Amino acid sequence: MRAVRYHGNRDIRVDDIPEPECKPGFVKIAPEWCGICGSDVHEYLIGPETIPSPGRPHPITGETVPIVMGHEYAGRVVEVGEGVEDIAVGDNVAVEPIIRDNSCPTCTDGHYNLCPQLGFHGLSGYGGGLSEFSAVPAYMVHVLPAGVPTDVAALIEPLAVGWHAARMADLRGGESCLIVGAGPIGLVTLLSLKVQGAGEVVVVELTDARKAKAVELGADLVLDPRSDDVVAVLADRYGQGVDVAFDAGGHAETIQLALASVRPKGRIVNIALWEHPVEFDMFSMLFKESNLTASCAYCNDHADVIEALASGAIDVRPLITARIPLEEIVTGGIEELMHNRDAHVKILVHP
Ligand SMILES: [Zn+2]
């Protein structure tokens, strides 16, 4: 079968490899749509980081490069392994790609997204969605209701990241929110906040295309820190600042802006994947008793996300900015996102 494999830095190929075996407890899927994630681009540019490099296999999968890519996908079940119940051949499914040991204290406590052995199907081994077939443990599989087609369902994984971040804010009804950065994760956080009962949601963004997308998706106000005094505008609009700020940027400037924008007792949720340690002003946090927390991937969020899509409460179609065949993964996918980033939110690949 054809599969997109990561061989190393700036080396992603479409290879011909054997089909995965559907072992007991596993489900074999024919992926129909798979999104390209910012982390895939990151691995291409400066990896391998999450992808296990030679000599450093992932502790659960035991695999190193070459690794089959693709962790944002949905498809059709073609085979069900021994012992799997409630999933049938022909079902449309979305994959929740978290690899965990399911046995450590963090996993048994229910926080499987924080397992010290955390990995991702499509980055850490066990195959991936950028291939004609994949086989995953049944615990990763969510059966889709009739109203959620597989192209929409390919967005469930990134949407779950925003959904979890919104949950981490512990919203009380109608609270004002700020999202710093309107990339894919900032935008899915915006969609999630609107459904989870936030009040006004303000977005801070630099590029025109992403500002427009934030407005299209329901942002109440979009500010540009080059022309707007964001902290002053928010203090004026909400009294002493927003209730909750999300940093989806991951830079010293973005976390500092998030910290400065919340009211006393306000909360800050970090959802960015940081490339470097940064300095920020803890002293200003002291005088507001700010509460800084973080949100990692998702955990028991998929059922709610699927319900939000099925009911029409969230429409992710405006996030899909291109569709390409598997063979164009590098030129039409990874490199398109590198060189034409602002024109895209999510590029879907049809394996
Ligand atoms: Zn664990």
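Above this text sits the structure in question.
Residues numbered from 1 in each chain as written. Predicted model: local features only at pLDDT ≥ 70, side-chain atom pairs only at ≥ 80, totals over all residues. Heavy atoms only, no water.

## Details of the pairing of strand β14 (residues 242-247)
With six of its six residues buried, β14 lies for the most part within the structure. As paired elements, strand β11 (residues 177-180) and β14 share four bridges and run parallel to each other. Within β14, the residue paired with Cys177 across the bridge is Val244. Of the strand pairs in this sheet, β14 and strand β15 (residues 262-270) are connected by five bridges, and their pairing is parallel. Among the inter-strand pairings, Val242 is bridged to a residue of β15, identified as Val262. Assessed by its sense of winding, the connection that carries the chain from β14 through helix α8 (residues 252-261) to β15 is right-handed. (Buried < 20%, exposed > 50% of the residue type's maximum accessible area, 1.4 Å probe, protein only. Helix = DSSP H or I, 4+ residues; strand = E, 2+ residues; numbered from the N terminus. Pairing = 2+ DSSP bridges. Right-handed = clockwise from strand over helix to strand, strands pointing away.)

## Let's talk about helix α1 (residues 38-46)
The complete set of buried residues in α1 reads Ser39, Asp40, Val41, Glu43 and Tyr44. As for α1, its buried residues are in contact with β1 (2-8), β2 (11-16), β3 (26-35) and α11 (329-339). (Contact = heavy atoms within 4.5 Å.)

## What about the sheet that holds strand β12 (residues 201-204)?
Here six strands make up an open sheet; going across it, the order is β13-β12-β11-β14-β15-β16 and the pairing parallel. Here the strands that pair on one side only, and so sit at the sheet edges, are β13 (221-223) and β16 (291-294). On average, adjacent strands in this sheet sit at an angle of 20 degrees to one another, irrespective of strand direction. Relative to β11, helix α5 (residues 184-195) is tilted by about 165 degrees, and along the sheet it contacts β11, β12 and β14. (Axes fitted to C-alpha atoms, helices over the stretch in contact; angles between N-to-C directions.)

## Observations concerning the environment of Val204
With respect to the helices and strands, the residue Val204 is situated in strand β12. Look at Val204 and you get buried, because its relative accessible area is 4%. Remark: the alpha-carbon pair of Val204 and Glu132, spanning 72 residues in sequence, is separated by 39 Å. Apart from residues no more than four positions distant in its own chain, Val204 is found in contact with Leu178, Ile179, Val180, Gly181, Ala182, Leu223, Pro225, Val230 and Leu257.

## Thoughts on the packing of helix α4 (residues 156-168) against α5
The interhelical angle for the contact between α4 and α5, taken along N-to-C directions, is 55 degrees, at an axis separation of 7 Å. What the angle tells us is that α4 and α5 run oblique. Relative to α5, α4 is oriented so that their crossing is right-handed. Along its contact with α4, which presents Pro158, Leu159, Val161, Gly162, Trp163, Ala165 and Ala166, the element α5 presents Ile185, Val188, Thr189, Ser192, Leu193 and Val195. Across the contact of α4 with α5, the residue classes tally to 10 nonpolar, three polar and no charged. (Parallel < 35°, antiparallel > 145°, perpendicular 65-115°, else oblique. Left-handed = near helix turned anticlockwise from the far one by under 90°. Nonpolar A, V, L, I, M, F, W, Y, C, P; charged D, E, K, R; others polar.)

None of this, on its own, says anything about what the molecule does.
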